[in-house]
Amino acid sequence: MFQGYTQGTIDFLWGLTLNNERPWFQAHKEEFLALVDRPTRELCAQLTEEMTAAYPELGLEPKVSRIYRDARRLFGRGPYKDHLWFSLRKPGERDGCIPCFWFEVAASHYGYGMGCWMVPPVTMAKLRARIDRDPKPVEKLARAVEKRGEFVLDNDLYKRPKGDPGPLLYPWYNGRRISFSRECNCEGVFFTPKLAAQVLEGWKSLVSQYRFLCSLPGDPEPEGM
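Residues numbered from 1 in each chain as written. Predicted model: local features only at pLDDT ≥ 70, side-chain atom pairs only at ≥ 80, totals over all residues. Heavy atoms only, no water.

### Considerations on the confidence of the model for the chain
Okay, so step 1: Per-residue confidence for the chain averages 92 on the pLDDT scale, and 92% of its residues sit at or above 70.
Okay, so step 2: Of all helices and strands in the chain, the one with the weakest mean pLDDT is helix H4 (residues 121–133) (93), whereas helix H7 (residues 194–205) scores best (98). (pLDDT = per-residue confidence, 0-100. Helix = DSSP H or I, 4+ residues; strand = E, 2+ residues; numbered from the N terminus.)

Structure follows, in structure tokens:
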């Protein structure tokens with residue numbers, strides 16, 4: 001059962017950020033396992049159990065990230081990530097292309113939310129087609145997120161707009177992806193078991209949006225694609 005992170009979690013991640021090299025990590029590996037990896041896996045296991053109990057039909061499976069960067073994609077960075085994350089999603093060959101519920105912990109913050117970060121262009125084209133056909137269901141989803149006020153829409157807008165369905169749906173229509181996120185300082189609830197409840201309630205509030213995003217790939221491809 002997740003009991004909360006500790007100041008040691010933050011201290012280790014800051015240390016890794018400032019000393020991102022193999023000798024330092026090897027000397028502090030047990031700290032990583034005890035202070036970062038273990039509580040993250042405990043939080044993941046608890047949230048997986050609770051989300052599965054609430055929504056068994058979603059077929060969610062957990063995935064915890066590795067602290068090691070892909071050696072092929074270092075791009076001058078150190079060999080270790082400066083954060084750890086996990087997600088709940090349906091099985092998929094290209095994980096970044098399918099919606100997921102996610103949580104991450106870093107030295108300066110923790111965050112959680114739902115969405116995709118590598119959405120195929122055809123999926124966003126299907127979203128625009130849905131809005132063109134009938135914007136009301138998407139407007140309802142957008143208003144629900146705005147009313148709750150917990151998450152911001154992170155979607156990387158196109159430089160050239162695809163269209164203008166009005167201010168409410170403009171970022172949905174003209175984004176390269178759809179992702180809802182909340183970023184918090186590592187304080188207060190971060191150090192307690194209540195963090196699990198905070199993330200769970202946030203995820204539950206996005207289930208309707210998650211179902212909608214999952215439905216997009218099943219749409220017929222828009223004409224001209």
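### What about the packing of helix H3 (residues 29–54) against H7?
Okay, so step 1: At a closest axis distance of 10 Å, the pairing of H3 and H7 adopts a crossing angle of 40 degrees. Accordingly, the angle class assigned to the pair H3 and H7 is oblique. The handedness of the crossing between H3 and H7 comes out as right-handed. Each of Leu43, Gln46, Leu47, Glu50, Met51 and Ala54 in H3 lies in contact with H7, whose residues at this interface are Leu195, Ala196, Val199, Leu200, Trp203 and Lys204. (Axes fitted to C-alpha atoms, helices over the stretch in contact; angles between N-to-C directions. Parallel < 35°, antiparallel > 145°, perpendicular 65-115°, else oblique. Left-handed = near helix turned anticlockwise from the far one by under 90°. Contact = heavy atoms within 4.5 Å.)

### Focus: the packing of aromatic side chains
Okay, so step 1: If you walk through the whole model with that rule in mind, you get 20 aromatic pairs.
Okay, so step 2: Judged by centre distance (5.5 Å) and plane angle (50 degrees), the rings of Phe25 and Phe32 are tilted.
Okay, so step 3: With a relative accessible area of 6%, Phe32 lands in the buried category.
Okay, so step 4: Note that Lys162 overlies the ring of Tyr158, its terminal NZ or CZ placed 4.6 Å from the centroid. (Phe/Tyr/Trp six-rings, centres within 6.5 Å; stacked < 30°, edge-to-face > 60°. Buried < 20%, exposed > 50% of the residue type's maximum accessible area, 1.4 Å probe, protein only. Lys NZ or Arg CZ within 6 Å of the ring centre and 35° of its normal.)

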